[in-house]
Each structure stands twice: as structure tokens, then as C-alpha cells.
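Structural description and commentary
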Amino acid sequence: MSRITRREFGKVVGAGGASAIAISGLPAFAIAQRTPKVVIVGGGAGGATVAHYVRKDAPNIDVTLIEANSTYSSSFFSNLYIGGIRSLESLDHGYARLRNHRIKVVHDRATDVDAVGKTVRTLSGTNFSYDRLVLSPGIDIKYDSVPGYSREAAALFPHAYNTDRAQKQLLKRQLEAMPDGGVVLMVMPNNPFRCPPGPYERACMIAHYLKTRKPRSKLVILDPKKAFSKQPVFTEAFDKYYKDIIELNLSTEIDDFTVVRLDGKAREAETKAGRKVRFDVANIIPQQRAGEIAVRAGCAEKDWCPINAENFSSKNVKDVYVLGDASIAAEMPKSAFSANSQAKAVAEDILAELAGKERFPARYHNTCWSLLAPDDAVKIGATYAPKDGKLDPSGSFVSQKGEDAGLRKQNYAESIGWYANIIADMFPATPSRVSKG
Ligand SMILES: Cc1cc2nc3c(=O)[nH]c(=O)nc-3n(C[C@H](O)[C@H](O)[C@H](O)COP(=O)(O)OP(=O)(O)OC[C@H]3O[C@@H](n4cnc5c(N)ncnc54)[C@H](O)[C@@H]3O)c2cc1C
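Residues numbered from 1 in each chain as written. Predicted model: local features only at pLDDT ≥ 70, side-chain atom pairs only at ≥ 80, totals over all residues. Heavy atoms only, no water.

**Focus on the packing of helix H7 (residues 198–213) against helix H8 (residues 231–242)**
For clarity, the cut-off: Helix axes are fitted to C-alpha atoms over the stretch in contact, other axes to C-alpha atoms as well, and angles between N-to-C directions run from 0 to 180 degrees. Secondary structure is summarised from DSSP: a helix means a run of H or I of at least four residues, a strand means a run of E of at least two, and numbering begins at the N terminus for each. To sort the angles, those under 35 degrees are grouped as roughly parallel, those over 145 as roughly antiparallel, those from 65 to 115 as roughly perpendicular, and the leftovers as oblique. Here, residues are in contact when the closest pair of their heavy atoms is within 4.5 Å. Three residue categories are used. Nonpolar comprises Ala, Val, Leu, Ile, Met, Phe, Trp, Tyr, Cys and Pro, charged comprises Asp, Glu, Lys and Arg, and polar comprises the others, including Gly.
One can describe the packing of H7 onto H8 by two numbers: an axis separation of 11 Å at closest approach and a directional angle of 5 degrees. As summarised for this structure, H7 and H8 are arranged roughly parallel, according to the angle between their axes. For the pair H7 and H8, the contacting residues are Tyr 200, Glu 201, Ala 203, Cys 204, Ala 207, His 208 and Lys 211 in the first and Phe 234, Phe 238, Tyr 241 and Tyr 242 in the second. Taken together, the residues that form the contact of H7 with H8 break down as eight nonpolar, one polar and two charged.

**Let's talk about the site of the ligand**
So the rule is basically this: Being near a molecule or strand, for a residue, means having at least one of its heavy atoms within 4 Å of it. We call two N or O atoms a polar contact when they sit within 3.5 Å, provided that within protein one can donate a hydrogen and the other can accept it, with sequence-adjacent residues counted only if both atoms are side-chain atoms. For every accessible area listed, the method is Shrake-Rupley and the probe measures 1.4 Å; residues are considered covered only by the protein chains on display. For the domain bounds, the source is a domain assignment made automatically or taken from a database.
Contacts to the ligand come from 36 residues, most closely from Glu 67, Tyr 72, Ser 136, Arg 194 and Asp 325. At 2.6 Å from an oxygen atom of the ligand is found a side-chain nitrogen or oxygen belonging to Tyr 72. One of the backbone N or O atoms of Ala 110 is found 2.9 Å from a nitrogen atom in the ligand. Notes on the ligand: free accessible area 990 Å², of which the protein chains cover 96%. For the shell around the ligand, the leading source of residues is helix H10 (residues 336–355), giving three residues. Each of domain 1 (35–138 + 291–361) and domain 2 (142–287) gives at least three residues to the shell around the ligand.

**Description of the confidence of the model for the protein**
Selection rule: The predictor attaches a confidence to each residue, and that confidence, scored 0 to 100, is pLDDT.
Summing up the model confidence of the protein, the mean pLDDT is 92 and the portion of residues at 70 or higher is 91%. Per-residue pLDDT, averaged within each element of the protein, yields its smallest value for helix H1 (residues 6–14) (38) and its largest for strand S11 (residues 183–187) (99).

**A closer look at the environment of Ile 293**
Position of Ile 293 among the secondary structure elements: in helix H9 (residues 292–296). Separated by 78 residues in sequence, Ile 293 and Leu 371 place their C-alpha atoms 33 Å apart. If we skip the residues at most four places from it in the chain, Ile 293 touches Val 41, Ala 110, Thr 111, Asp 112, Val 113, Leu 135 and Pro 137.

**Regarding the sheet that holds strand S9 (residues 132–135)**
Convention followed: When DSSP locates at least two bridges between a pair of strands, those strands are taken to pair.
Taken in spatial order, the five strands line up as S5-S2-S1-S9-S20 in an open sheet, and their pairing is parallel. Strands with a single pairing partner mark the edges of an open sheet, and in this sheet they are strand S5 (104–107) and strand S20 (320–322). Taken over all neighbouring pairs, the strand axes of this sheet differ in orientation by 15 degrees on average, direction set aside. Two strands pair when backbone bridges link them, and strand S2 (residues 62–67) and S5 are joined in this way by four bridges, in the parallel orientation. When the sheet's bridge partners are listed, Glu 67 is paired in S5 with His 107. Strands strand S1 (37–41), S9 and S20 of the sheet are contacted by H10, whose axis makes an angle of about 175 degrees with S9.

**Some details on the domain arrangement of the protein**
Using the following cut-off: Here the quantity called buried area is the accessible surface, traced with a 1.4 Å probe, that two parts lose on coming together, added over both. Between Lys or Arg on one side and Asp or Glu on the other, a salt bridge is scored when a side-chain nitrogen of the former is within 4 Å of a carboxyl oxygen of the latter.
Along its sequence, the protein is carved into domain 1 (35–138 + 291–361) and domain 2 (142–287). One C-alpha centre belongs to domain 1, the other to domain 2, and the line joining them spans 30 Å. The interface is formed by 23 residues belonging to domain 1 together with 22 residues belonging to domain 2. The junction of domain 1 with domain 2 conceals about 1,900 Å² of combined surface from both sides, 55% of it contributed by carbon and sulfur atoms. The partner of Asp 92 in a salt bridge is Arg 165, and the shortest N-O contact between them spans 2.9 Å. Remark: the boundary between domain 1 and domain 2 carries 12 residue pairs in polar contact (both at pLDDT 80 or more). Only strand S3 (71–73) and helix H4 (78–82) provide two or more residues apiece to the side of domain 1 that touches domain 2.

**Considering the packing of aromatic side chains**
Put simply, the test is: Note on ring pairs: Phe, Tyr and Trp rings are taken, using the six-membered ring of Trp, and paired if centres are within 6.5 Å. Classes follow the plane angle, with under 30 degrees stacked, over 60 edge-to-face and the rest tilted.
Across all of its chains, the model carries 18 aromatic pairs by this definition. Taken together, a centroid distance of 5.6 Å and an interplanar angle of 90 degrees make the contact between Phe 157 and Phe 279 edge-to-face. Here Phe 279 lies in the loop between strand S16 (276–278) and strand S17 (281–284) and Phe 157 lies in the loop between strand S10 (139–142) and helix H6 (165–177), a separation of 122 residues in the sequence. Taking the centre distance of 5.8 Å and the plane angle of 35 degrees together, the rings of Trp 369 and Trp 418 count as tilted.

**What to know about the pattern of salt bridges**
In plain terms, the rule: We call a residue buried when its accessible area falls under 20% of the maximum for its residue type, exposed when it is over 50%, and partly exposed in between, using a 1.4 Å probe and counting protein chains only.
For the structure on display, the rule yields 31 salt bridges. Two residues, Glu 247 and Arg 275, come together in a salt bridge whose shortest N-O distance is 2.7 Å. Placement of Glu 247 in strand S13 (residues 246–250) and of Arg 275 in the loop between strand S15 (268–271) and S16 is noted, with a sequence separation of 28 residues between them. For Glu 247, a relative accessible area of 29% corresponds to the partly exposed category.

**Points about unusual backbone geometry**
A cis amide bond links Asn 191 to the next residue, Pro 192, at an omega of -10 degrees. Of note, Pro 192 is situated in the loop between S11 and H7. A positive phi angle is found at Lys 118, which is not glycine, with a value near 55 degrees. Examined against the element boundaries, Lys 118 turns out to sit in the loop between strand S6 (110–114) and strand S7 (119–122). With a relative accessible area of 14%, Lys 118 lands in the buried category. Non-glycine residue Ala 330 carries a positive phi angle of around 50 degrees. Mapped onto the secondary structure, Ala 330 falls in the loop between strand S21 (327–328) and H10.

If you want it as C-alpha cells, here you go:
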């Protein structure tokens with residue numbers, strides 16, 4: 001039998017089904033009887049976007065999205081909820097729209113991957129077979145990275161740093177319940193972690209809340225790092241807006257503000273440098289790692305998953321992609337913008353492999369906006385291209401100190417537009433019915 005090109009294969013699939021054709025890695029007979037199957041684990045910024053883009057361009061590929069929660073509560077923009085600028089409900093997004101695009105959405109937890117048999121197993125005991133598997137499970141929290149912290153302790157001292165809606169609500173309610181004059185503690189993580197400017201935007205939003213509702217209160221930050229993302233504009237904002245509220249303790253060669261003891265009963269944290277902080281409310285943001293399912297699939301090395309820069313396929317497991325926060329994307333920060341951009345390259349690669357579509361050289365983009373105070377937002381970003389197995393940044397930009405208020409207000413408007421756009425890309429509107437007459 002002559003080997004058919006991927007493009008020709010795409011025409012056959014596009015015309016209504018698979019045929020006895022060879023495609024990458026699969027013998028012809030393997031898919032002769034059935035439609036190619038793509039299984040995606042994680043319906044967040046990365047996974048939902050992959051589902052949308054594979055379905056959009058190859059209606060005859062079978063797309064299954066396995067997502068643990070029935071509602072996605074976005075981490076991005078959750079700081080604005082903490083600051084009282086946005087509602088918790090505005091972060092909620094359901095999966096009906098993806099179902100309307102004939103994506104099979106299964107609300108279950110993926111518990112194991114058999115990379116040889118090419119199946120994913122879920123908590124309910126169902127097995128899903130795949131031709132290509134996409135993992136975008138985001139992060140798991142390393143609770144024990146802060147001595148004294150634990151999964152149980154998070155119910156008292158929230159991290160509020162993943163898609164768990166209750167964590168965000170807990171932090172907000174604790175701030176609301178705290179008397180004026182109280183102390184809020186923030187424990188910052190070491191690199192690498194989800195959304196490098198995220199904890200500092202949160203500091204601004206907590207401080208904004210305190211300034212407007214409980215002005216005698218304090219926010220003490222203990223940071224194991226010596227520097228952080230967009231530091232000049234953040235520290236300028238701490239000074240400009242929150243001088244009497246925020247106390248930033250960045251580590252130095254002499255003073256190490258890594259927390260070595262968290263005493264929940266005494267409500268006290270102690271640092272390596274010996275500083276003790278008594279608190280009323282604590283927001284502990286521990287170290288993180290790739291979501292457990294990526295580890296179980298064999299994709300992780302240490303905490304994160306190495307990938308091939310040109311398509312985010314796993315370096316360790318064949319026919320599996322890992323994108324978003326779980327991946328090691330070199331200099332590309334762990335952000336929703338990054339995950340959404342990576343998702344399009346993943347979808348394109350899958351479409352090239354399974355539907356014979358054209359493959360273009362990947363180019364990824366990231367922009368992260370942070371709100372410092374109402375109408376004052378800053379941003380950082382770059383474009384990335386695969387080069388020598390890495391992601392080479394170009395066109396980098398970052399907000400500067402002393403920028404005028406108009407520019408900052410425009411940044412904020414841009415960020416609002418971005419949120420609406422990424423949500424529409426993850427959860428696209430229902431296609432309008434094509435009339436038959
Ligand atoms: C406070 C904060 C502010 C942020 N602000 C921004 C911002 O302004 N801009 C920006 O670009 N990014 C921001 N981010 C980062 C952004 O949220 C993440 O980078 C992005 O969501 C990563 O996408 P993902 O697909 O990797 O993971 P997620 O979006 O977290 O999605 C992972 C999904 O996988 C599901 N899942 C995990 N394991 C399983 C399993 N075994 N089975 C089934 N389902 C599973 C989870 O339930 C979840 O829905 C922020 C993050 C935080 C915490």
C-alpha cells in the first residue's frame with residue numbers, strides 16, 4: 001500500500017471519517033476502523049483552549065475533555081475579587097459552551113495514564129483511550145514546603161492560589177472578618193511558581209482593601225527571594241498607595257525571610273533570620289509543582305515537565321503533550337496568557353498529526369497585567385520562538401516607574417479586554433445554526 005500524505009489524510013477525515021491510511025506513529029489498520037481520539041486532561045487556560053481549537057478545525061476528531069470541576073473558577077483576576085473590585089461569580093465559567101461544540105466534557109478526576117496501552121483512567125473507574133493525550137492540569141501545592149503548613153492548615157490559612165473557589169472566598173471572608181488594626185501575613189513562594197507577578201498584585205489588592213475598609217491594619221510580606229517580577233513598579237506602588245500598610249521583607253545575603261516555622265495555634269510565623277510575625281489573617285503561598293496526573297503519566301522530572309519547544313510534546317512520553325503551568329517552558333512565565341498561546345501550537349500539531357493540516361513554525365506570546373490600585377495597571381510581556389531546544393524571547397516590554405495615569409488606565413482597560421477574550425477562546429460561544437434551505 002502506498003503511504004498517503006498527511007494532507008491527503010486530512011481530506012479523507014474531513015470528508016467524513018478515517019480510512020485505511022498511515023499517520024504518524026500509527027499503522028494504517030490501527031485507525032482504519034475508527035475516528036482519531038484526542039483526550040485532554042484539565043479544562044483550564046491550556047486544556048479548554050486546546051479542546052476548542054482541535055474541534056474547530058477538525059470536526060471529525062473525537063475530542064474528550066476530562067475536568068475535575070463542573071465550574072472553572074479562574075485564578076487570573078482572582079486578586080481583583082480579593083481587592084473588592086470584582087465579584088467571585090465573575091470568575092466562574094461552566095462547560096456547556098464546549099459541549100455545544102460537540103466536545104465530550106467529562107467531570108471526573110484523571111488518576112492514571114497507561115502510556116503503552118494509551119488510556120487514561122479516572123476516579124470513577126472509566127478508561128478513555130487516546131491517539132493523542134494533552135495534559136494541562138496546572139499546579140499542585142507543595143504544602144510541606146512551609147514547615148507547619150498542610151492541606152488541613154490551608155482550611156484556616158488559605159493559599160488561594162489555584163482554581164479552588166472556596167480558597168479565594170475563605171481569604172476574602174477572613175479579611176472582611178478581621179478587626180481594623182489587624183495584621184495580615186503573606187508568605188511568598190520561591191521560583192518557579194504560577195504567575196510571577198501574582199503574589200505582588202495580591203499584596204496590592206489586599207492593601208487596597210485594608211486602606212479603604214480597615215486603614216489601621218498592616219500587611220507584612222515575608223519573601224524568601226531577593227527580587228521579584230516587575231519589582232520597580234510594584235515597590236513604587238507600595239510606596240505611593242500603601243506606605244503605611246505594606247511592610248515588604250525581601251531576603252538579602254544577611255537576612256533570609258524564608259519561613260521556617262508556622263504556628264497555627266499561636267498565629268505566628270518565624271523566618272530563618274529569626275523574625276517573628278504575629279498575624280490575624282495569613283495568606284500562605286507555598287512552592288508548587290506540576291499537577292499530579294502529569295507526574296503519574298511519567299512526564300515530570302523533579303517538579304515540572306520537560307517539553308519540546310516547537311510543539312509542547314512531552315520529552316519523556318510519546319504521543320503526550322504537556323502545556324501550561326505544568327510544563328517547563330524555559331523563560332516563558334507560567335501564565336494563562338502563555339497557556340492559551342501554547343494551546344494553539346499544541347492543537348496545530350495534533351491537527352497536523354491526525355488531520356493532515358498544515359503545520360507552521362510555533363511562536364508563543366505572553367503579556368501579564370497587574371493591578372496596583374484602581375485604574376492603575378502595569379504589564380510585562382514578550383514573544384518566544386523555539387531555538388536550540390529552548391524558547392528564545394524577543395520584543396520584551398515592561399512598564400516603567402513614573403508612567404502617566406492615562407497610560408496606566410489604558411493598561412487596565414486592555415487587561416479587561418484580555419480577560420473577556422481569553423474566556424471566549426476557552427469557552428467559545430455556541431456556533432450559530434446553519435440553515436438548511
Ligand atoms: C492569583 C493569581 C493571579 C493570576 N493572574 C494572572 C493574570 O493576570 N494573567 C495570566 O495570564 N495568568 C494569571 N495567573 C496564572 C494562571 O491562572 C495560570 O497560569 C493558568 O491558569 C494556567 O493554565 P493551566 O491550563 O496550566 O492550568 P489551570 O488553568 O489551573 O487549569 C487546570 C485545570 O485542570 C484541572 N485538573 C487538574 N488535575 C486534574 C485531573 N487529574 N483530572 C481532571 N482535571 C484536573 C483543574 O481542575 C483545572 O481546572 C494567575 C494566577 C493566580 C494564582
